[in-house]
Amino acid sequence: TENKHRRRGGDLKTRSTELGSAVTGSPLTPTIVKKSIVLSSETRKELAKQAKVTKEERRAQIDERHKYLISRLADGIGLSEQQVEEAIISDDKFQLIEQFFAPSGLKKLLFFYQDVLQQKSNTSLRSDGSTNSLLQKKLFITTGSTENFTGTCAFFLRTSDKIITASNVSQELNFGIFDCTNGNILEGLEFFLSQIMIPALKSQQNWGAVKEGLKNSQIKDFLYSVDKFVGTLSSSRQNIEDKIQLTKVDIDIYVSNLQSPSDYITAG
């Protein structure tokens, strides 16, 4: 009797499997169903509310130090101060600014201004969780290591480990723009060095502890090395742009007549 029950149980399992195979056309196997995460309107409203609160809290923290950064960025990039402020308080890396102002803080603060894939305004999520998006220029804080650089980089550099205050911000920080439109980094670097940095260095009279300024042999050697580097950079860039050209090859022409292993050996 026990054996009959076992056989019947086995038969039932076999029949269930066969029935499942007949219905689905394949043996029954565990199936993982991927579901798109679609946020409800209530959740989106709550997230928007939280983001608004965060932005207003950050706006309340804006002081003369932040206003100095905002003013330089607006002038350098060509945006209004209101646009720059809105971009900064909306940035998820806003805390890097405070780390930059702190004593012995970050040595540099970088901003990229370039095309970024963004969701269209007033566009809700589709049923599959996707969105309509497009490229738009955006100003954002960056560490310089997580995003590809394809546009303009605005940077602030510290000159000491002092805490940055409202009274010393203009003396302790250096500001610069590095333009690599369309991702032409070598061209941007060449322009930055040859048109901005070298003229500034050659016009500088005060070299700190080094005496005689531009007449000093060490300063002359340094400026000669920088000039030589820019010349090498320019030559290398021109060689890359003018002499190395990759063309598309239609491989079908070469492999369409290869039918057997011996054909491949002969072709090789």
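Residues numbered from 1 in each chain as written. Predicted model: local features only at pLDDT ≥ 70, side-chain atom pairs only at ≥ 80, totals over all residues. Heavy atoms only, no water.

Per an unreviewed UniProt entry, the protein chain goes by the name DYH5 protein and belongs to Himantopus himantopus.

Caption draft 1: A look at the overall build of the protein chain. For the protein chain, the helix and strand inventory stands at 10 helices and 4 strands. For the protein chain, the succession of helices and strands along the chain, N to C, is α-α-α-α-α-β-β-β-α-β-α-α-α-α. Each of the 268 residues in the protein chain was classed as buried or not, and the buried ones make up 25%. Partitioning the contacts of the protein chain with sequence separation of at least 6, the portion at a separation of at least 24 is 61%. Working note: accessible area of the protein chain is about 19200 Å², and carbon and sulfur atoms make up 53% of it. (Helix = DSSP H or I, 4+ residues; strand = E, 2+ residues; numbered from the N terminus. Buried < 20%, exposed > 50% of the residue type's maximum accessible area, 1.4 Å probe, protein only. Contact = heavy atoms within 4.5 Å. Areas by Shrake-Rupley, 256 points an atom, 1.4 Å probe, with all protein chains shown as cover.)

Caption draft 2: Inspection of helix H7 (residues 185–202) at higher detail. Here H7 is 18 residues long and its end C-alpha atoms lie 24 Å apart, about the 26 Å a rise of 1.5 Å per residue gives. Along its length, H7 reaches its greatest deviation from straightness, about 35 degrees, at Leu193. Buried residues of H7: Gly188, Glu190, Phe192, Leu193, Ile198 and Leu201, and no others. (Expected span 1.5 Å × (residues − 1). Bend = angle between axes of the 7 residues up to and from the residue.)

Caption draft 3: Just the nonpolar core, in detail. Within the largest apolar cluster, 26 residues are counted, with the highest numbers of intra-cluster contacts made by Leu109, Phe111 and Phe156. Elements with a minimum of two residues in this core: helix H3 (64–77), helix H4 (81–89), helix H5 (95–101), strand S1 (108–119), strand S2 (133–142) and strand S3 (152–158). Setting aside its immediate chain neighbours within four residues, Leu109 contacts Leu69, Leu96, Ile97, Phe100, Ile141, Ala154, Phe155 and Phe156. Counting 13 residues, the second-largest nonpolar core is a separate cluster that includes Phe112, Cys153, Leu193 and Ile198. (Core = buried A, V, L, I, M, F, W, Y, C linked by side-chain atoms within 4.5 Å.)

Caption draft 4: Broad picture of a nonpolar patch on the surface. Where nonpolar side chains cluster on the molecular surface, the patch consists of Phe191, Ile196 and Met197 and spans about 270 Å² of accessible area. Within the fold, Phe191 resides in helix H7. (Patch = residues over 30% accessible without salt bridge, like charges linked within 9 Å, V, L, I, M, F, W, Y side chains within 5 Å. Salt bridge = Lys/Arg side-chain N within 4 Å of Asp/Glu carboxyl O.)

Caption draft 5: Seen up close, the pattern of salt bridges. By the definition in use, this model includes 12 salt bridges. With a closest N to O distance of 3.3 Å, Glu86 and Arg59 form a salt bridge. Taken together, the residues span a long stretch of sequence, with Glu86 in helix H4 and Arg59 in helix H2 (residues 41–61) at a distance of 27 residues. Because the salt bridges share partners, they merge into one network encompassing Lys55, Glu56, Arg59, Glu85 and Glu86.

Caption draft 6: Here's a closer look at the pairing of S3. For S3, a buried count of 6 out of 7 residues is recorded, marking the element as mostly surrounded by other parts of the structure. Pairing of S3 with strand S4 (residues 173–179) involves 7 bridges; the strand directions are antiparallel. Each bridged residue has a counterpart across the sheet, and for Leu157 the counterpart in S4 is Asn174. (Pairing = 2+ DSSP bridges.)

Caption draft 7: Quick look at H3. The terminal C-alpha atoms of H3 lie 20 Å apart, and with 14 residues this matches the ideal 20 Å at 1.5 Å per residue to within 8%. Sitting at the head of H3, Asp63 places a side-chain oxygen 3.0 Å from the backbone nitrogen of Arg65. Backbone geometry just downstream of H3 places Gly78 in the positive-phi region, at approximately 95 degrees. (Polar contact = N/O pair within 3.5 Å; in protein donor to acceptor, adjacent residues only side chain to side chain.)

Caption draft 8: Broad picture of the state of the cysteines. If you walk through the whole model with that rule in mind, you get 0 disulfides. Between Cys180, a cysteine without a disulfide, and Cys153, which holds the nearest cysteine sulfur, the sulfur-to-sulfur distance is 8.1 Å. (Disulfide = S-S within 2.5 Å.)

Caption draft 9: Summary view of the environment of Gln95. Locating Gln95 in the fold gives a position in helix H5. Distance from Gln95 to Arg58, taken between C-alpha atoms, is 9.7 Å for residues 37 residues apart in sequence.

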